[in-house]
Amino acid sequence: MGQGLIGIFDSGFGGLTIFREIEALIPGYSYVYLGDSARNPYGNRSKETVFHYTSQAVSFLFERGCELIITACSTASALALRRIQQEYLPATYPERRVLGMVHPCVEEAQRATRNNRVGVVGTRGTVSSGSFGAELFKLDPEIKVFQQACPLLVPLIEEGWDSKPETRMILRKYLRPLKSRGVDVLILGCTHYPVLLKDFERNMGKNCRVIHPGEATARALADYLVRHPEMETRLARSRKREFFTTDDPKRFGELGGRFFGRSLANVERADLFYLESAALTGPRA
Ligand code: DGL
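Now for a quick tour of the structure. (Residues numbered from 1 in each chain as written. Predicted model: local features only at pLDDT ≥ 70, side-chain atom pairs only at ≥ 80, totals over all residues. Heavy atoms only, no water.)

## A short note on the overall build of the protein chain
Keep this limit in mind: Helix and strand definitions follow DSSP, with helices as H or I runs of at least four residues and strands as E runs of at least two, each counted in order from the N terminus. As a reference, a globule follows 2.2 Å times the number of residues to the power 0.38, and the radius of gyration itself is taken over C-alpha atoms. For every residue, the accessible area (1.4 Å probe, protein chains only) is compared with the maximum for its type, and the residue is labelled buried under 20%, exposed over 50%, or partly exposed between those bounds. Residue contacts are counted whenever heavy atoms from the two residues lie within 4.5 Å of one another. In short, Shrake-Rupley with a 1.4 Å probe defines the accessible areas, and a residue's cover is counted only from the protein chains shown.
Scanning the protein chain for helices and strands turns up 14 helices and ten strands. In terms of C-alpha radius of gyration, the protein chain reaches 18 Å, essentially the compact-globule figure of 19 Å for 285 residues. Its C-alpha atoms put the protein chain at 55 × 40 × 35 Å along the principal axes. Among the 285 residues that make up the protein chain, the fraction classed as buried is 58%. Excluding contacts between residues fewer than 6 apart, the proportion of contacts in the protein chain whose partners are at least 24 apart in sequence is 80%. For the protein chain, the accessible area works out to roughly 12,600 Å², and carbon and sulfur atoms hold 49% of it.

Structure below.
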């Protein structure tokens with residue numbers, strides 16, 4: 001039996017930019033955040049590895065009493081979510097739910113585009129999965145998608161180099177091909193990129209709408225809860241906040257504050273590694 005918590009999972013700190021927006025929009029619920037910092041980044045890992053790590057994280061959060069989990073990580077949403085929803089959930093926790101951040105971004109992009117040309121930026125894994133393009137195609141086959149992997153941005157942001165000229169120069173270089181394609185919407189398909197939101201907007205110009213993945217995910221979650229009262233009524237409203245990391249809690253608390261916008265109290269260490277087989281065989285007794 002769950003304890004009515006909403007779980008937020010990311011490969012590390014980045015998902016805090018998503019959680020921040022969720023918390024701002026629907027603060028009354030109780031949330032548990034898990035960052036798999038010991039094994040991040042996920043962005044260059046294989047689909048199989050990302051699925052394996054994500055299923056361990058999901059198992060951990062369900063064992064903590066989550067009813068609903070948001071994979072607040074683009075790479076995990078793009079590479080693992082579908083398999084989690086189709087194979088893992090029905091076999092282990094059929095009453096609970098896992099939602100991602102690809103669909104919310106794509107829906108907003110479809111609504112916003114006027115010329116049917118949408119850009120997507122993300123990690124190498126997200127871009128090569130083609131997930132954003134595939135979801136957009138399902139909504140509207142007329143929309144043309146132009147993608148750009150930006151693998152240098154995550155390490156630069158984590159190093160705190162977000163306002164350095166070197167980072168601005170690299171960003172300009174990444175965005176040049178998308179600008180030349182005339183996209184009028186750009187999806188930030190990575191948790192870290194909202195840190196550079198203003199730079200993305202400045203570079204793309206006023207005729208391009210930049211989709212913030214946290215805002216899109218928060219709006220989609222609030223909407224999901226309105227449409228699913230059977231889930232909403234199972235959620236606790238005690239405004240509890242818990243933070244877990246698979247690495248050093250002190251470092252997580254220090255660095256995480258930059259992404260969350262305020263300091264994180266009481267970060268605890270999570271041990272996911274024993275969950276290796278639980279992810280494959282179902283919940284432990
Ligand atoms: N959280 C990842 C994402 O949104 C970025 C960091 C990583 O590569 O693990 O794609």
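## Regarding the side chain of Thr167
Summarising the element assignment, Thr167 is placed in helix H9 (residues 165-180). Looking at Thr167, the relative accessible area reads 1%, which means it is buried. What Thr167 contacts, discounting residues up to four positions off in sequence, is Leu156, Trp161, Asp162 and Leu196.

## So, the sheet that holds strand S10 (residues 267-269)
Put simply, the rule is: The rule for pairing is simple: two strands pair if DSSP sees at least two bridges between them. Lines are fitted to the C-alpha atoms to define the axes, a helix being fitted only along its stretch in contact, and any angle between axes, read from their N-to-C directions, falls within 0 to 180 degrees.
Spatial ordering of the open sheet is given by S4-S3-S1-S2-S9-S10, a layout of six strands whose pairing is parallel. This sheet does not close on itself; its edge strands, each paired only once, are strand S4 (97-99) and S10. In this sheet, adjacent strand axes meet at a mean angle of 25 degrees when their direction is disregarded. Relative to strand S9 (residues 241-245), strand S2 (residues 31-35) is paired through five bridges, and the arrangement is parallel. Residue Tyr33 lies in a different strand from S9, and its bridge partner there is Phe243. Together, strand S1 (5-10), S2, strand S3 (66-71), S4 and S9 form the strand contacts of helix H2 (residues 47-63), whose direction differs from that of S3 by roughly 150 degrees. Along the sheet face, helix H11 (residues 213-227) touches S3 and S4 and points at about 150 degrees away from the line of S3.

## Some words on a positive patch on the surface
We apply this condition: Here the term patch refers to residues with relative accessible area over 30% and no salt bridge, with like charges joined within 9 Å and nonpolar side chains (Val, Leu, Ile, Met, Phe, Trp, Tyr) within 5 Å. We define a salt bridge as a side-chain nitrogen of Lys or Arg found within 4 Å of a carboxyl oxygen belonging to Asp or Glu. This count recognises Lys and Arg as positive and Asp and Glu as negative, with His and chain-terminal groups excluded. The location of each charge is read from NZ of Lys, CZ of Arg, CG of Asp or CD of Glu.
A surface patch of like charges, here positive, comprises Arg172, Lys173, Arg176 and Lys179. Tracing the backbone through its elements, the reader meets Arg172 in helix H9. Residue classification places Arg172 among the partly exposed positions, given a relative accessible area of 41%.

## Some details on the site of the ligand
Keep this limit in mind: Whether a residue is near a molecule or strand depends on its heavy atoms: it is near if one of them lies within 4 Å of it. Contacts described as polar in this section are N or O atom pairs within 3.5 Å, which, within protein, must combine one atom able to donate a hydrogen with one able to accept it, while residues neighboring in sequence count only if both atoms come from side chains.
The immediate surroundings of the ligand are formed by Asp10, Ser11, Pro41, Tyr42, Gly43, Cys73, Ser74, Thr75, Thr123, Cys190, Thr191 and His192. Within the side chain of Ser11, one N or O atom sits 2.6 Å away from an oxygen atom of the ligand. Take Ser74: an N or O atom from its main chain is 3.0 Å from an oxygen atom of the ligand. Taking 300 Å² as the accessible area of the ligand by itself, protein coverage stands at 99%.

## Brief notes about unusual backbone geometry
Where the residue is not glycine, phi is negative for most of them; where a peptide bond is considered, it is trans in most cases. Going from Asn40 to Pro41, the amide bond is cis rather than trans, its omega being 5 degrees. Along the chain, Pro41 falls in the loop between S2 and H2. Although it is not a glycine, Arg239 sits at a positive phi angle of roughly 55 degrees. Note on placement: Arg239 falls in the loop between helix H12 (229-232) and S9.

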